[in-house]
Amino acid sequence: MIETILWKNNCARLIDQTKLPGKLEYIDCKDVETLCGAIKRLSVRGAPALGIAAGFGVLLGIKEFSGKDRRLFNAHIEQVCATIGASRPTAVNLFYALERMLRVLEQFPHDTVPQICARLKNEAMAMFNEDQQVCRKMGNYGAKLIRNGGTYMTVCNAGALATADYGTALGVFYAAKEAKKDFKVFSLETRPLLQGARLTVWELMQNNIDVTLICDNMAAAVMKKYKIDAIFTGADRIASNGDSANKIGTYMLAVLAKYHKIPFYIVAPESTFDLSIKNGTEIPIEERSADEVRSFAGCQSAPAKVKVYNPAFDVTDQKLITGIVTEKGIIRKPFKENIRKTFIK
Ligand code: MRU
């Protein structure tokens, strides 16, 4: 699988996803500011990858501190976490990672600065390694839902480009392919930034998965014309009751799936669950620049001054979700109870 993000030579190295599929270029982020810029413009994106980037961002922050005073060091790292936390609001994986880094500071108050730096590095690398393992586990659980000869649908990119391994929703397809199943995938292009067209299609084609690109507004017609066996998407934040935020358009797909009686699955690791919130109304939804909608692939496609509403995510009501594939198995209804049982011992 392609390496989307890694820690190399004291830098966060990441694929500049804004350039795909035209160019495969890497950016070496040497400081927190460059990393936050990359997050904001979606050079690195996808909930699990944002978590890993946040952990690496803290390591970049360490390089910006000199001195031996632990109190000053803690204050500096807290500031770095606040800066990274202000980059994008919806994917809870980013905040989960920052919280884990801050917890290391709390747990070892008597460490010297070099000692605590080593622990922070271990924590960031642990999150990277854990993400690789959970992708494989989710993939294996999810692959059981794929039938030989089946046809599936996905939106946005929840693949290798969104994680440290082969992804969440797309990981299900990769695992099914490894299990020698033969199937087809429809990928929605995912306006306005085309993560489906630019990233998912590119990834699936590289891995010899039969993929057909459709515009977002073709989804209903495709569901009517072809037998779609199931829909798989990722998530950016899942509330305690199962309501799930994901790329704008996911809710639309789930509503259409209900009408067409198509099972609708979310695939996401534990780090995407936010058990501090009751339901989807509490999920902060990022709104992005109007220019993303006023233009298409870099060309102006609407009057320059037209009013625009550009939410980057929507929330799918848990009632519309058939199951949530996690590294601990597939969670089914009633979600509130079963999410608790899965994650709270
Ligand atoms: O705006 P993006 O590209 O970061 O949105 C990404 C998604 O919505 C993904 O589906 C989600 O983060 C899950 S990635 C495994």
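The rules we used
- Residues numbered from 1 in each chain as written.
- Predicted model: local features only at pLDDT ≥ 70, side-chain atom pairs only at ≥ 80, totals over all residues.
- Heavy atoms only, no water.
- Helix = DSSP H or I, 4+ residues; strand = E, 2+ residues; numbered from the N terminus.
- Rg over C-alpha atoms; globule rule 2.2 N^0.38 Å.
- Buried < 20%, exposed > 50% of the residue type's maximum accessible area, 1.4 Å probe, protein only.
- Contact = heavy atoms within 4.5 Å.
- Areas by Shrake-Rupley, 256 points an atom, 1.4 Å probe, with all protein chains shown as cover.
- 1 Å grid on protein atoms, 1.4 Å probe; cavity = no way out; pocket = protein on both sides within 12 Å on 5 of 7 lines; lining within 4 Å.
- Points joined across faces, edges and corners; volume = space filled by probe spheres on them.
- Nonpolar A, V, L, I, M, F, W, Y, C, P; charged D, E, K, R; others polar.
- Domains from an automatic or database assignment.
- Buried area = accessible area lost by both parts, 1.4 Å probe.
- Salt bridge = Lys/Arg side-chain N within 4 Å of Asp/Glu carboxyl O.
- Polar contact = N/O pair within 3.5 Å; in protein donor to acceptor, adjacent residues only side chain to side chain.
- Near = heavy atom within 4 Å.
- Sits in = over half its atoms within 2 Å of the grid points.

On a plain count of helices and strands, the chain comes out with 11 helices and 16 strands. A compact globule built from 345 residues would reach a C-alpha radius of gyration of about 20 Å, and the chain, at 20 Å, matches this within 12%. Taking the principal axes of its C-alpha atoms as reference, the chain extends roughly 65 × 50 × 40 Å. Residues classed as buried in the chain amount to 57% of the 345 residues present. In the chain, the share of contacts with a sequence separation of at least 24, taken over all contacts with a separation of at least 6, comes to 74%. Surface exposure of the chain reaches about 15400 Å², of which carbon and sulfur atoms provide 52%.

We now examine empty space enclosed by the protein. What the rule picks out here adds up to two cavities of 30 Å³ or more. Each pocket or cavity is described by its volume, and for the largest cavity that value is around 200 Å³. In terms of lining residues, the largest cavity is bounded by 25 residues, among which R45, G46, A47, N157 and D236 are the most central. Elements with a minimum of two residues in the lining of the largest cavity: α2 (47-63) and β9 (244-247). In terms of residue class, the lining of the largest cavity is built from 12 nonpolar, nine polar and four charged. Per-domain counts for the lining of the largest cavity show at least three residues from each of domain 1 (5-136) and domain 2 (142-343). Space inside the second largest cavity adds up to approximately 60 Å³. Along the walls of the second largest cavity sit L42, T190, R191, P192, L193, Q195, K247, R288, E292, N310 and A312, which together make up its complete lining.

The domain architecture assigned to the chain consists of domain 1 (5-136) and domain 2 (142-343). Taking only C-alpha atoms, the centre of domain 1 and the centre of domain 2 are 25 Å apart. Of the roughly 2600 Å² buried at the junction of domain 1 and domain 2 (both faces included), carbon and sulfur atoms supply 56%. In terms of surface lost to domain 2, no three residues of domain 1 exceed R45, T90 and R136, which account for 24% of the buried area on that side. For the pair domain 1 and domain 2, the number of links is three salt bridges. Between E286 and R88 there is a salt bridge, with its nearest N and O atoms 2.8 Å apart. At the boundary of domain 1 with domain 2, the tally comes to 18 residue pairs in polar contact (both at pLDDT 80 or more). Mapped by element, the contributors of at least two residues to the side of domain 1 that touches domain 2 are α2, α4 (92-107) and α5 (113-143). Per-class residue counts for the side of domain 1 that touches domain 2 are 17 nonpolar, six polar and six charged.

Taken together, 18 residues lie around the ligand, and R45, A47, R88, N246 and K247 are the ones closest in. The side chain of D236 places a nitrogen or oxygen atom 2.9 Å from an oxygen atom of the ligand. Contact with the protein chains hides 100% of the accessible area of the ligand, taken as 420 Å² for the molecule alone. Taking a 2 Å distance to the grid points as the criterion, the majority of the atoms of the ligand fall inside the largest cavity. Listing elements by their share of the shell around the ligand, those giving two or more residues are α2 and β9. Of the residues that constitute the shell around the ligand, the class distribution is eight nonpolar, six polar and four charged. Per-domain counts for the shell around the ligand show at least three residues from each of domain 1 (5-136) and domain 2 (142-343).

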